Amino acid sequence: MNILMALSQLEVTGAEVYAVEIGEKLIDRGHNLYFVSDTLTKKNRGEYIPLAFNKRNIFQRVDQVIKLIKIIKKNKIDVVHAHSRASAWSTEIACKFTKTPFITTVHGMQHVSKHRKRKQPIGCGYAVCENIQKDLIETFDVVPSTIKVLRNGIDLTKFKISVPPKNSKKVISIIGRLSGPKADITYNLLSNSIDLDKYIVNIIGGKEIPERFNKFKDKVNFTGYIDNVYEYMANSDLIIGAGRVAMESLLMGRPTLAIGEAKEIGIIDVDTVSKALASNFGDVGDRTPHDFDWNFIKSEIENGVKLNQTPTEVIDLITENFNIDKIVDILEKTYQREWVRVNKYDIPVIMYHRVIKDLDTESGKHGTYVTIDQFRDHMEILKNGGYIPITFGDLANIPIHKRFEKKYVMLTFDDGYIDNYTYALPILKEFGFKAIIYLVSNRTYNKWDVDLTDEKTFKMMDLSMLEEMRDTGLIEFGGHTLSHPRLSELNDAQMKEEIFKDKEITENKLNIKLNSFAYPYGDLDDRAKKLVIEIGYPYAVSTDSGSYCLSDDLFQIRRIGIFPTITNFGYKRKIHGNYNFIKINREKKNKK
């Protein structure tokens with residue numbers, strides 16, 4: 001994908017660090033990254049395009065939108081991800097004109113005005129902490145479903161537990177910019193809470209030292225912005241900061257005092273870490289006025305410099321919440337889902353059951369079949385339309401941003417009927433097309449239908465047929481339970497037996513690893529999903545449930561059923577890639 005990151009800033013911020021670091025990970029995964037911002041300080045492999053978002057009168061806003069539209073069109077941008085208020089306003093409008101997916105990450109509290117109260121440029125939104133999410137919902141009436149919490153991602157490989165050298169004095173490092181509220185906090189720390197004669201104090205950050213700080217120059221080490229900030233962290237007995245500073249310090253095991261623009265959390269330990277997470281380590285509070293307790297902070301500093309290391313439980317929690325690879329996984333799927341939503345296209349997953357020759361003897365009463373002639377017509381339509389049938393094994397090896405470069409389609413067959421071997425396989429061989437067949441492992445015929453609905457008996461494939469199909473390289477097999485029950489009607493033990501034993505039998509019988517599972521009748525509940533994940537399936541398919549976007553929920557992938565009443569024109573509609581959008585919208589209308 002071609003991804004545009006939009007920021008507005010005049011110096012280094014946590015938002016820039018976040019955008020650049022996830023950008024680097026996305027580049028590693030094969031995406032192309034572009035950045036637009038007033039400035040961009042962090043080194044990166046993306047293309048930087050200067051754009052003065054901090055100029056905010058109406059004419060400048062219009063100019064920004066015009067330039068963004070040109071940037072989006074010229075670089076064929078697939079998705080725009082905004083990381084600041086100023087950039088979000090302009091990029092949202094540009095995305096509407098260009099019909100480009102728009103995503104935001106909100107890094108701080110939004111300023112309230114009559115205009116902002118009416119409308120927030122969120123799109124598909126993420127907040128970096130719970131306090132921001134709560135404020136957007138309560139203060140700005142943002143729809144809860146459109147704003148989720150997704151932390152600032154951190155590359156965990158950059159950090160290791162450190163023990164500072166023993167110095168003549170304990171070392172305290174305050175990390176953050178020397179402008180705005182952060183400067184006020186640093187000034188008050190130096191004036192009210194830190195004994196500058198007792199400790200070695202580093203002030204890391206700030207392009208220039210504000211005049212009021214000159215009186216501390218003889219007792220404090222002002223470094224400005226530096227590249228080796230982690231060395232200073234490793235050599236510090238106590239780190240003071242908020243946001244990313246606190247997260248990174250904790251990952252290094254350094255005792256950390258969280259104080260940000262909104263509040264003082266104090267030393268981060270098992271008792272305070274939840275409050276710290278919710279407030280982005282002190283940067284985000286609520287709308288009530290807050291007076292900092294500098295005596296409390298002084299006491300916390302005195303206690304903090306005596307600590308050797310952050311508790312392991314806290315480090316583990318930070319690791320779990322801020323793992324950049326997991327966060328990029330979520331973002332990558334979000335980008336794809338929003339692209340799919342805006343373009344109304346995704347890989348169609350087609351569902352067959354049986355392919356028959358004689359309508360009189362083979363059709364049955366349920367109509368879950370197509371004739372040989374229909375099936376051949378369908379394969380001709382796919383071939384002439386340039387479609388490429390793939391399996392879930394193939395899908396796993398196609399990067400998300402490559403999935404729409406070709407016209408992929410997935411052909412699935414449920415149950416494992418003998419006619420899949422007799423009639424479908426020769427046609428698939430003729431066209432060189434792949435398919436996925438879901439096997440009921442403990443049945444030799446359709447006993448579930450015969451017993452419950454007095455259906456005709458139709459045989460399942462035997463082992464020699466399955467082995468021959470496997471060896472063609474065209475057929476991938478999937479799990480479909482032992483006996484084809486409605487899973488939601490089973491107790492926990494029965495459900496586990498049906499899913500676990502089925503996978504074991506089929507994999508051992510055919511000496512293969514199953515990539516996907518199909519819920520019989522498309523019937524599932526949360527228990528079934530959990531078991532499918534637990535046993536190690538990477539994918540699971542349903543029937544008429546699930547999202548329009550395949551990657552939204554890999555364990556409830558919606559399929560498009562094919563039945564004997566379908567015409568060739570109808571088949572073309574169903575494989576087009578937008579059919580699920582039409583069907584889901586129709587389902588919503590019918591519910592009203």
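Further up the page is the structure itself.
Residues numbered from 1 in each chain as written. Predicted model: local features only at pLDDT ≥ 70, side-chain atom pairs only at ≥ 80, totals over all residues. Heavy atoms only, no water.

## Observations regarding the environment of F35
The condition is simple: Helix and strand assignments come from DSSP, with helices taken as H or I runs of at least 4 residues and strands as E runs of at least 2, each series counted from the N terminus. Here's how the labels work: a residue is buried when its accessible area is under 20% of the maximum for its type, exposed when over 50%, partly exposed in between, all with a 1.4 Å probe on protein chains only. Contacts are assigned to residue pairs with any non-hydrogen atoms lying within 4.5 Å of each other.
Mapping F35 onto the fold places it in strand 2 (residues 32–37). Residue classification places F35 among the buried residues on the basis of a relative accessible area of 1%. Through-space distance from the C-alpha of F35 to that of F292 is 37 Å; in sequence the pair is 257 residues apart. Residues within four places of F35 in sequence aside, it is in contact with L4, M5, L7, A19, V20, L40, N44, G46, E47, Y48 and I49.

## What to know about the sheet that holds strand 13 (residues 264–267)
Put simply, the test is: For two strands to pair, DSSP has to find at least two bridges joining them. Working convention: axes come from line fits to C-alpha atoms, limited for helices to the stretch in contact. Angles between N-to-C directions cover 0 to 180 degrees.
Taken together, six strands build an open sheet; the order of strands is 10-9-8-11-12-13 and the sheet is mixed. If you trace the sheet from one side to the other, it starts and ends with strand 10 (220–224) and strand 13, each paired once. Shown here is a sheet whose adjacent strand axes are inclined to one another by a mean of 15°, direction ignored. Of the pairings in the sheet, the one linking strand 8 (residues 171–175) to strand 11 (residues 238–241) comprises three bridges and is parallel in character. Bridge assignment links S173 to a residue of strand 11, and that residue is I239. Against the sheet, helix 10 (residues 294–304) touches strand 8, strand 11, strand 12 (256–259) and strand 13, its axis set at about 25° to strand 13.

## Observations concerning the packing of aromatic side chains
The condition is simple: By convention, a stacked pair of Phe, Tyr or Trp rings (six-membered ring in the case of Trp) has centres within 6.5 Å and planes under 30 degrees apart, an edge-to-face pair has planes over 60 apart, and any other such pair is tilted. Placement of a positive charge over a ring is assigned whenever Lys NZ or Arg CZ falls within 6 Å of the ring centre and within 35 degrees of the normal to the ring plane.
Counted according to the given criterion, the structure contains 17 aromatic pairs. Here the aromatic cluster, defined as three or more aromatic residues joined through ring pairs, consists of Y187, F213, F216 and F222. Lying over the aromatic face of Y417, R354 brings its terminal NZ or CZ to 5.6 Å of the ring centre. Positioned above the aromatic ring of Y387 is the side chain of K407, whose terminal nitrogen or guanidinium carbon lies 4.4 Å from the ring centre.

## Thoughts on the side chain of D135
Note that D135 resides in helix 5 (residues 130–140). The contact partners of D135, leaving out residues within four places of it in the chain, are M109, F140 and R287.

## A few points about the state of the cysteines
The following threshold applies: Any two cysteine sulfur atoms within 2.5 Å of one another count as a disulfide.
With the rule as written, the count across this model stands at zero disulfides. Looking at the unpaired C124, the closest cysteine sulfur is the one in C549, lying at 11 Å. What makes C124 buried here is its relative accessible area of 12%. This cysteine, C129, is not joined by any disulfide, and C124 carries the nearest cysteine sulfur, 17 Å off. For C129, a relative accessible area of 0% translates into the label buried.

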